[in-house]
Amino acid sequence: MDENINDWISKKITSNDVVLFMKGTPETPQCGFSSQVVQILNYLGIEFSSVNVLEDESIRNGIKEYTNWPTIPQLYVKNEFIGGADIVREMFEENELIEFLKGKGIATN
Amino acid sequence: MSMKLIELEALVKKAIPNSEIEIKDLAGDDNHFSIIVKSDVFRGKTRIEQHQIVYNALEEKMGNKLHALQVKTIST
């Protein structure tokens, strides 16, 4: 990754409505927490772009610094950091996530 | 990579003295914990800010010495 990592991240989250930085891919998540968020997004019928941080160490570290958030996965909606697995799951369980996404103009089931 | 439950509790208590802390070892391997932290320090803060307070208490150990931590914060 020769391009400045922050520019790359910023471009990624501004050019995609929903971006999930995760370990592995939506089809084969490599971590339970990443898998949880993928399942929630799939359940709600959300289209999202994913980034496998395991493929590039500079992304894996860069994203943690970008948001001052030490863990993966990280979910972004319309260029805004929403949270990791705990917060996404909590919002989902309290029916806040679907309202939030609709409020941002994101298509859901 | 692992951390003792009491070490985790001590770190959080040191950073958030006025708190009730409940920790569970999820996998019995000193590496997968869940933690519930109740404190008035969370009042008026977003979930992200609340969780960052807990992560900051762990002084860079999160994602290094400690692999997985499920965080729940309750504002009192």
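As shown above, the structure is provided for reference.
All values derive from a computational prediction rather than experimental measurement.

Each value, and the rule that gives it
Residues numbered from 1 in each chain as written. Chains lettered and ligands numbered in written order. Predicted model: local features only at pLDDT ≥ 70, side-chain atom pairs only at ≥ 80, totals over all residues. Heavy atoms only, no water. Contact = heavy atoms within 4.5 Å. Buried area = accessible area lost by both parts, 1.4 Å probe. Salt bridge = Lys/Arg side-chain N within 4 Å of Asp/Glu carboxyl O. Polar contact = N/O pair within 3.5 Å; in protein donor to acceptor, adjacent residues only side chain to side chain. Helix = DSSP H or I, 4+ residues; strand = E, 2+ residues; numbered from the N terminus. Buried < 20%, exposed > 50% of the residue type's maximum accessible area, 1.4 Å probe, protein only. Axes fitted to C-alpha atoms, helices over the stretch in contact; angles between N-to-C directions. Left-handed = near helix turned anticlockwise from the far one by under 90°. Nonpolar A, V, L, I, M, F, W, Y, C, P; charged D, E, K, R; others polar. Pairing = 2+ DSSP bridges. 1 Å grid on protein atoms, 1.4 Å probe; cavity = no way out; pocket = protein on both sides within 12 Å on 5 of 7 lines; lining within 4 Å. Points joined across faces, edges and corners; volume = space filled by probe spheres on them.

## Some words on the interface of chain B and chain A
Phase 1 of the analysis: Across the boundary between the two partners, chain B contributes 13 residues, which contact 17 residues of chain A.
Phase 2 of the analysis: When chain B packs against chain A, close to 1,300 Å² is buried across both sides, 53% of that on carbon and sulfur atoms.
Phase 3 of the analysis: Considering only the surface of chain B that becomes buried against chain A, Arg47(B), Ile48(B) and Tyr55(B) emerge as the three largest contributors, covering 43% of it.
Phase 4 of the analysis: Where chain B packs against chain A, one counts 4 salt bridges.
Phase 5 of the analysis: Among the ionic pairs, Arg47(B) bridges to Glu96(A), the shortest N-O distance being 2.9 Å.
Phase 6 of the analysis: Where chain B meets chain A, there are 6 residue pairs in polar contact (both at pLDDT 80 or more).

## What to know about the pattern of salt bridges
Phase 1 of the analysis: A complete count under the given rule lists 12 salt bridges over all chains for this structure.
Phase 2 of the analysis: Here Lys14(B) ties to Glu59(B) by a salt bridge, and the two come within 3.1 Å at their closest N and O atoms. Highlighted residues: Lys14(B) in helix H1 (residues 5-15) and Glu59(B) in the loop between helix H2 (47-57) and strand E3 (68-75), separated in sequence by 45 residues.
Phase 3 of the analysis: Classification of Glu59(B) by relative accessible area gives partly exposed; the value is 37%.
Phase 4 of the analysis: Note that Lys61(B) is salt-bridged to Glu59(B), the shortest N-O span being 3.5 Å.
Phase 5 of the analysis: Counted as one network, the salt bridges with shared partners bring together Glu90(A), Glu94(A), Glu96(A), Arg47(B) and Lys72(B).

## Side note on the packing of helix H4 (residues 85-93) of chain A against H2(B)
Phase 1 of the analysis: The interhelical angle for the contact between H4(A) and H2(B), taken along N-to-C directions, is 145 degrees, at an axis separation of 11 Å. With respect to the hand of their crossing, H4(A) and H2(B) are arranged in right-handed fashion. Touching Asp86(A), Ile87(A), Glu90(A) and Met91(A) of H4(A) are Arg47(B), Ile48(B), His51(B) and Tyr55(B), all from H2(B).
Phase 2 of the analysis: Of the residues in the contact of H4(A) with H2(B), the class split is 4 nonpolar, 1 polar and 3 charged.

## Description of the sheet that holds strand E3 (residues 74-77) of chain A
All names here are of chain A.
Phase 1 of the analysis: On the basis of which strands lie adjacent, the open sheet formed by 4 strands has the order E2-E1-E3-E4 and mixed pairing. Each having just a single partner strand, strand E2 (49-52) and strand E4 (80-83) make up the two edges of the open sheet. Each neighbouring strand pair of the sheet contributes to a mean axis angle of 25 degrees, computed without reference to strand direction.
Phase 2 of the analysis: With 4 bridges joining them, strand E1 (residues 18-22) and E3 adopt antiparallel strand pairing. Within E3, the residue paired with Val19 across the bridge is Tyr76.

## Side note on the layout of surface pockets
Phase 1 of the analysis: For the largest pocket, the calculated volume is near 350 Å³.
Phase 2 of the analysis: In this structure, the largest pocket is lined by 14 residues; those nearest its centre are Lys64(A), Trp69(A), Pro70(A), Glu60(B) and Met62(B).
Phase 3 of the analysis: Elements with a minimum of two residues in the lining of the largest pocket: helix H3 (57-67) of chain A together with H2 of chain B.
Phase 4 of the analysis: As a volume, the second largest pocket reaches approximately 270 Å³.
Phase 5 of the analysis: For the second largest pocket, the lining is made up of 23 residues, of which Phe33(A), Thr71(A), Ile72(A), Met62(B) and His67(B) are closest to its centre.
Phase 6 of the analysis: Among the elements of the structure, H3 and H4 of chain A together with H2 and E3 of chain B are those that each provide at least two residues to the lining of the second largest pocket.
Phase 7 of the analysis: Ranked by residue count, the leading element in the lining of the second largest pocket is H4(A), at 3 residues.

## Side note on unusual backbone geometry
All names here are of chain A.
Phase 1 of the analysis: A cis amide bond links Ile72 to the next residue, Pro73, at an omega of 10 degrees.
Phase 2 of the analysis: Position of Pro73 relative to the elements: it lies in the loop between H3 and E3.
Phase 3 of the analysis: The backbone of Asn68 sits at a positive phi, close to 50 degrees, despite the residue not being glycine.
Phase 4 of the analysis: Relative to the assigned elements, Asn68 resides in the loop between H3 and E3.
Phase 5 of the analysis: Look at Asn68 and you get partly exposed, because its relative accessible area is 47%.

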